[in-house]
Amino acid sequence: MITRQEINGKAPMNYNWFDVNELNDSDTRQLKRLFRLTPEIIDYVSDRHERPHYDFDIHTQSELVVYDVPLWPDNVTAHFTTQPIIFLLQGTTVFTFHTDETAYVFEQFKQEKVKEIKNATEFIMTFLLHAAKYFNQALDKLNVERNQLDKNLNNHIVNTHLRHLAQIEKGLVYLSSSIKTNLMMLESLRHTPLTLQITKEAQEKLDDILIETEQASRMVQISNEVTEKISTTSNNILNNNLNDTMKFLTVWSLILTIPTIMTGFFGMNVKLPGAQFPLAWIAIIILNIVFMAWLYFYLKKNHFL
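Fair warning: this is a prediction, and the values are worked out from it, not measured in the lab. Counting starts from 1 at the beginning of each chain's written sequence and moves along it residue by residue. Where local features are concerned, this predicted model is filtered to residues with pLDDT of at least 70; where side-chain atom pairs are given and counted, the filter is 80 or more; whole-chain, interface and lining totals use all residues. Heavy atoms throughout the structure, all of them, feed into the side-chain values; hydrogens and water do not.

Chemist: Got a minute to help me understand the packing of aromatic side chains in this structure?
Modeler: Any two aromatic rings considered together are summarised by their centre-to-centre distance and by the angle between their planes. When the centres of two rings from Phe, Tyr and Trp lie within 6.5 Å, Trp using its six-membered ring, the rings pair. Their planes under 30 degrees apart give stacked, over 60 give edge-to-face, and anything left gives tilted. Summed over all chains, the structure comprises 20 aromatic pairs. Aromatic pair F87 and F127: ring centres 5.3 Å apart, planes at 70°, arrangement edge-to-face. Taken together, the positions of F87 in strand β5 (residues 81-90) and F127 in helix α4 (residues 120-155) put the pair 40 residues apart, joining distant regions of the chain. Considered together, F87 and F127 belong to a single accessibility category, that of buried residues. Residues W252 and Y296 carry aromatic rings whose centres are separated by 6.3 Å and whose planes lie at 40° to one another, so their mutual orientation is tilted. With W252 in helix α6 (residues 200-255) and Y296 in helix α8 (residues 280-301), the pair connects residues that are 44 residues apart, well separated along the chain. Helix numbers and strand numbers start at the N terminus; a helix is a DSSP run of H or I with at least 4 residues, a strand a run of E with at least 2. Residue burial is assigned from relative accessible area. The probe radius is 1.4 Å, only protein chains are included, and a residue is buried under 20% of its type maximum, exposed over 50%, and partly exposed in between.

Following this line, the structure appears as structure tokens:
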């Protein structure tokens, strides 16, 4: 659906903003007919897996900016993912393309008290600065979850906690990849036609976006390292517990083998020395206890227990 948008309850004076939510065939035909968008541009803006980058079409004088934003976990996907929002600038007209999943960024942007924006370039920089803060919010949420999970793992390791930790690791992978590519795209903007006649306010916003993204990049790196350490430590503890369990079972299976051998030997239907004595079974029990006690202390002395 194509909608002409307003900021602070009024339409921009120096540029036009058209927002396209969930691009469909009808929207595509309208964009081609009214705004002369080429099939190549349509392919770009309709790709939900487009990586963050800047592109300039010299023939149509169109500038394309792709920027990733985080998607919060839901019932379908239990970890953080990312999805691109796309800005298309043609002269003084800005098009934004997004899906229902990333609509939250646009809704909150329109609700904020945005100061009067002078031109389309400054609008894009303002929007990017607004969108950049969501990565820090996502990382803060993951850090809180990981810290709570770390406390639970210190008490008792269960499969539920390990699955939750795996979801955190997956989310960090998505966020880390998107932050890095966003940062590369933002750094490249300094040498593009988009910033040739940039205003002072827009330049300050671009600097703020870079600072915000670099901070997120450092945060996700630290968070990745801490999460990997927790995962490694948890696996080591599980392996150690498994080794202790196997050692316990092995030692006691050896000890319990002695009465099995003794009773099996004296249970044969043949004449054996001492079998004629009435209290022979007591002697067998005593021998079992003696040999079992000897084996127990032998294994303990040699650190098998």
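Chemist: Honestly, the pattern of salt bridges in this entry has me stumped. Any pointers?
Modeler: Where charged atoms of side chains with opposite charge meet at close range, the side chains can pair. A pair is scored as a salt bridge if a Lys or Arg side-chain nitrogen falls within 4 Å of a carboxyl oxygen belonging to Asp or Glu. For the structure on display, the rule yields five salt bridges. Here E22 and R48 are joined by a salt bridge, their closest N and O atoms 2.5 Å apart. Taken together, the residues E22 in the loop between β2 (16-21) and α1 (25-35) and R48 in the loop between α2 (39-46) and β3 (53-57) connect sequence positions 26 residues apart. For E22, a relative accessible area of 23% translates into the label partly exposed. Overall, R48 belongs to the partly exposed group, its relative accessible area being 41%. The closest approach of N and O atoms between R190 and D207, which form a salt bridge, is 3.3 Å. Of this pair, R190 sits in the loop between α5 (159-188) and α6 while D207 sits in helix α6, and the two are 17 residues apart along the sequence. You can call R190 partly exposed: its relative accessible area is 42%.

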